Each structure stands twice: as C-alpha cells, then as structure tokens.
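So the chains spell out like this:
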Amino acid sequence: MSLRIFSSVLVLLVFLLASCRAEAEPPAQNSITYGLTLIPSGFDPHIHQSTELGIVLRQVYDTLVYRNPDTGEFEGGLAAEWTVSEDGLVYEFRLRQGVTFHDGTAFNADAVAVNLDRILNPATASQKAVFMLGPYLSYQIVDSYTIRMILAEPYVPLLDALSQVYLGMASPTALAEYTPNTYQFHQVGTGPFRLVEYLPSDRLVLRRNEDYTWGPSFYQPPTQDGALVDEIVYRFFTDEATRALALQSGEAQIMGELLPSDARALATNSQIQLVTTEIPGMPLQFLMNTQRPPTDVLAVRQALIYATNRNAIVDAVYQGFSPAAWGPLSASNPFFSRNVVGVYDYNPETARTLLTQLGYSDSNEDGILEANGSDLEIDLIVPNWGLLPEVSLLIQDQWEEVGVRAVIQPVPGFSALRDAVNTGEYNMVSFDTPGIDPAFLNDYFVTGAVRNWMNYSNSELDNLLTLAVREGSTAARRGYYAEIQRIIMNEALILPLRDYVNLNGTDAGIQGLRFDPYGWFPLLNNVTYIRPG
C-alpha cells in the first residue's frame, strides 16, 4: 500500500471514529452555531499558530495563568499561585488540586512536564508555542503539585505566554495515545468544554464539561434554567459575503469578522447585536524592505508614509470601525507611545518634496516620477486577509497622485506570502501579530529575526528590544518601548494603516459573550442563549 493511500485511509478512519464518538453523545439541550472565517492548516495549539484555532480551543484548554478580561492582570488558572526568583530565572508554580482532564486523567506537575516536553520536542514542529517560551531551559518537579520552570536569562513575557491557549495543558494520556497528526481530532483539556467532533473544513463540536469547577474568577456561569449553552458547533464561513446572511437567517448565532459594511448595516437590526473588541497587538501594516531599491532609501520610505491617507482608508474600507494606526503597536496596547501620533500625518506635498530632493522628476509627463531612466515603482506583497486587497487599491490610487506606481502582488495565504518574501523581490509586505506583551516586536525588528522582512539591522534597537524583555519594572519597560517605537518610525520601517477591531455579530438571544484581553478569543463559559419566540 502506498504512503498516500495509507494516509487517506488513516484520515478516513479518524473521521469515522470522531463521528461515532459524536453520535454517542446525548442530544444537546441548548446548542449554538459559531461562525469561523478561516480554515487553518491544523487545530493543535502546540503545533499550529493561527488565531482561528484559539477561538475554538480557548474553551477546551485551561492555562496555568489567565489575564482577567476586566483588569488585564494575571490571575490563577491551573496554577493557584506562583513566585518568581529575584534574578528572574526561576518561576515556581503551585498547581491547583482536584483538577481532572476530560478523560479522567489527573492534572498535576507531571502533566505540566509532559506538555512542556511535547512543545519543546523538535518532532512536534511547533510553529508558535515553543517560541513563546523564550529562553526556557528546563523544569524541576518539586512535588506532585509544584513545578519550577528554569530560564537561561530573565524573560518577563513568560506569564503572558503561559496565559495563552498555545500553551494550554493537554491530557498526557491522550497525547500518548495519539500521534501528533491524529491528536488534533481527539484533543483533551481541562476546560469548560470538551471536544467531541472535528471534521476538517466542515465543523468542530464542543460539549459542556459538567464537572468543571476550577475556572478563573471571571468564569461565573449564569444559573438561568434552560438558557446555558451546552453545545457549540463551529462551522466555516470563508466567504465574507455569507456571514451577515447566516446571522440574519439563524444559520449561526455568533459570527466573527463581519465585513465592516455589513456590520454598519446590521447596527440598525434589533435582532442582531454587534460585539466589537480592540486587538492590542500590531496594527494592519506594511513592512518596508530596506535592502531593495528604492525603499533602501530612508526618504523614499518616509515619502510613502506621508503619501498614504490612512483616514480615508479607515473611512472607505473599514467604515470607521477601526482607528488609523500610527506606529508598530496599536493604540489599545498598554505599551503604546502617544509620541508617535501625528508624526507622519497625511501630507502629499511633503511626499513630493522628499522625492524631488532625491532627484525624481516626471520628465516624460506620464504621471510617474523617474530617476536614472527608471520609473518609481514599489512592489507590494498583499495577502488576502484583513481587506488588504481593497486597501492596496486605495494606496495605489493615493500614491499615483504623488507620482509613485504601486505594483500589487496578491498572495492567497501565509505559505504563499512566505514564498514571495523568500524571493526578495518586494519593497513592502503586509504582516502583523496580535498580543499584549510587546515581546512580539523582537520577531520583527531584532537583527536576523524570523520576521525581519525589512532586512534591517540596528544595534541600538537590538539592545533596547533585549533589555525590554528582561526588565521587571513596568515603568522602565514603558520607557524602553517608547524609544523602540520612536526608532522604528524615525527609520520609517513600517507603514501603519489601521488598528484592528474584531467585528462580531450575535443573535439577540445571546447573552454574556465577552472576549479575553487579547481580543480574538471568546470566553463562552458564561454564555446563555434564549431562542426567539
């Protein structure tokens, strides 16, 4: 039997087993459908990196710590309490007792160790979780409910990382029973919901964990009889135009990432509620390639920012739901520096002046500037998310007014984007990361970093980024990040466009929906649903 045939048979068996398990469940009393907007390459949080998987699996997995959605502060999750050594190298966690995984396996220090081993194992091929651990070295089991994590150097963002679903705790029994490829169909956590079915490109089904009593303080399920949601069916609505229709028809009770134009129209519909959440990470942006002409010249990069009317883009494409962005952090991020606001306000005259001073002119009067016989062209890699194709067309028109030709290179997803970047044949590429702790900036702006697609190197910036993740004082960290943002914008390394706002819609009968402080991940433990009529 060929490997391809064997793989197909294996996947079919997984589907059949998942379906049999789902059929064994008693009928749900109060089921809702939640619309997802992207079909990720996989749903294992230790392996995969999509935001979409967290929308589902935040309900399945608990984390050692949580960020409180009201305060943003850390509080106990599976770890009841923790301490950090004076040198910042040892984090000791006292684990909550009496917790069991959905399969009955006891949660303890050994379970945490198994999860850390899995994430760190090169065979797991973790795309995100392993990097979130920073300079993690090893663990030390003190007793059944105490474990220490030992770091090679101080890393303040560790608690932030441990509060995210990518470092959620999975059942050691289930991890041992299934391979890395098949575990995603049989995921077992300790969270408020259990995974009962996963059919790729079709649906995921969760059922309430009736034994769940150990959640964080903000997990306070209402007691209204018959209204508490006991089943969530996630279905995929990749076509943006179908999302509002699914809400209006009752095909879905919660829908993510509505088109801004649809959200604006639904705002007057009494049967639909809009739930908007700010995303406190990086804004929608373009990264400037500083090693490829003409964006290898600072004044060109500055001119492109001045020539971009961000307010017009926000109004036309995002219907005013998203504010214009000013720097590498969105304004909702706690480390955002207001000193970058207004630094590159829209000014086409300044853009023209900068380009003229560099020797560009329109000698053939075709509307496009040229120098040394070459037109001023900027190659943009444009992925297909976040309404970037529409945004890039507006940018193209705006730049043409100052004599710049934007050449748009569309890519259908992350793999195609990465391939396009690897060619080096681009001036700008759009990518960003959500998050609260700005440690994610290191992935972009440290010399040689994995997403330093700007090909930029600055020893002062490297030093500041390194100091910022080691610094225990929040006030001192704010100072570092203010300077980091100043350098990034002074060097015109990015074109910030708009701060992300997650546009969700719900049936009017949905109550108690809220999102965690990261903005993308719903907390569905508290949700009730009263059906119309």
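You'll find the structure just up there.
One structure accompanies this document, and this report is about it. Everything numeric in this text was worked out from a predicted model, so none of it was measured. Numbers given to residues run from 1 along each chain, matching the order in which its sequence is written. Under the rules for a predicted model, residues below a pLDDT of 70 receive no local features and side-chain atom pairs below 80 are neither given nor counted, while totals for whole chains, interfaces and linings still include all residues. Water and hydrogen atoms were dropped before computing side-chain values, which therefore reflect all heavy atoms in the structure.

## Overview of empty space enclosed by the protein
Here comes step 1: Each cavity reported here is a set of points on a 1 Å grid over the protein atoms alone in which a 1.4 Å probe fits but cannot get out, each pocket an open set with protein on both sides within 12 Å along at least five of seven lines, and each lining residue one with an atom within 4 Å of a point. Grid points are joined across faces, edges and corners, and a volume is the space filled by probe spheres set on the points. Per the stated rule, a full pass over the model turns up 3 cavities of 30 Å³ or more.
Here comes step 2: Roughly 70 Å³ of internal volume is contained in the largest cavity.
Here comes step 3: In terms of lining, the largest cavity is formed by T51, K128, Q164, Y166, P434, G435, Y518, W520 and F521.
Here comes step 4: In this structure, the second largest cavity occupies an estimated 50 Å³ of space.
Here comes step 5: In terms of lining residues, the second largest cavity is bounded by Y34, G35, L36, T37, E52, I55, G256, E257, N502, N504, F515 and W520.
Here comes step 6: Counting from the N terminus, the helices are DSSP H or I runs at least four residues long and the strands are E runs at least two residues long. Of all the secondary structure elements, the ones that give two or more residues to the lining of the second largest cavity are β1 (31-36), α2 (51-57) and β20 (501-507).
Here comes step 7: At 3 residues, β1 tops the list of elements feeding residues into the lining of the second largest cavity.
Here comes step 8: Residue polarity is assigned by list, with Asp, Glu, Lys and Arg as charged and Ala, Val, Leu, Ile, Met, Phe, Trp, Tyr, Cys and Pro as nonpolar; anything else, Gly included, falls into the polar class. For the lining of the second largest cavity, a count of residues per class yields 5 nonpolar, 5 polar and 2 charged.

## A few points about unusual backbone geometry
Here comes step 1: The amide bond that connects P293 to the next residue, P294, takes the cis arrangement and shows omega of 0°.
Here comes step 2: Tracing the backbone through its elements, the reader meets P294 in the loop between β13 (284-288) and α9 (298-306).
Here comes step 3: For S201, which is not glycine, the phi dihedral falls at a positive 65°.
Here comes step 4: By the secondary structure assignment, S201 is in the loop between β8 (193-199) and β9 (203-208).
Here comes step 5: The phi dihedral of N455 falls on the positive side, at around 55°, and the residue is not glycine.
Here comes step 6: Along the chain, N455 turns up in the loop between α14 (442-445) and α15 (459-470).
Here comes step 7: The buried label applies to any residue whose accessible area, calculated with a 1.4 Å probe on protein chains only, is under 20% of its type's maximum; exposed applies above 50%, and partly exposed to all values in between. Note on N455: relative accessible area 38%, which makes it partly exposed.

## Details of the pattern of salt bridges
Here comes step 1: Salt bridges are defined by distance alone: a side-chain nitrogen of Lys or Arg within 4 Å of a carboxyl oxygen of Asp or Glu. Under the definition given, this model contains 17 salt bridges.
Here comes step 2: Of the charged contacts in the structure, one is a salt bridge between R514 and D70, with a shortest N-O distance of 2.4 Å. Here R514, found in strand β22 (residues 514-515), pairs with D70, found in the loop between β2 (65-67) and β3 (74-76); they are 444 residues apart in sequence, far enough to count as distant.
Here comes step 3: A relative accessible area of 57% places D70 in the exposed class.

## Brief notes about the side chain of R451
Here comes step 1: Topologically, R451 is positioned in the loop between α14 and α15.
Here comes step 2: Pairing of N or O atoms within 3.5 Å defines a polar contact, subject to two protein rules: one partner must be a possible hydrogen donor and the other a possible acceptor, and residues neighboring in sequence count only if both atoms are side-chain atoms. Of the polar contacts made by the side chain of R451, one reaches the side chain of Q49; its length is 3.1 Å.
Here comes step 3: When sequence neighbours within four positions are dropped, the list of residues in contact with R451 reads Q49, L287, F414, F431, T433, D443 and Y444. We call two residues contacting when some pair of their heavy atoms lies within 4.5 Å.

## What to know about the layout of surface pockets
Here comes step 1: Size it by volume and the second largest pocket reaches roughly 680 Å³.
Here comes step 2: Lining the second largest pocket are 29 residues, and of these R67, G72, F74, P334 and I436 sit closest to its centre.
Here comes step 3: Elements with a minimum of two residues in the lining of the second largest pocket: α5 (158-162), β12 (272-278) and α16 (474-490).
Here comes step 4: If one sorts the elements of the lining of the second largest pocket by residue count, α16 sits on top with 3 residues.
Here comes step 5: Among the residues making up the lining of the second largest pocket, the classes are represented as 12 nonpolar, 8 polar and 9 charged.

Function cannot be inferred from these measures alone, as they are strictly geometric.
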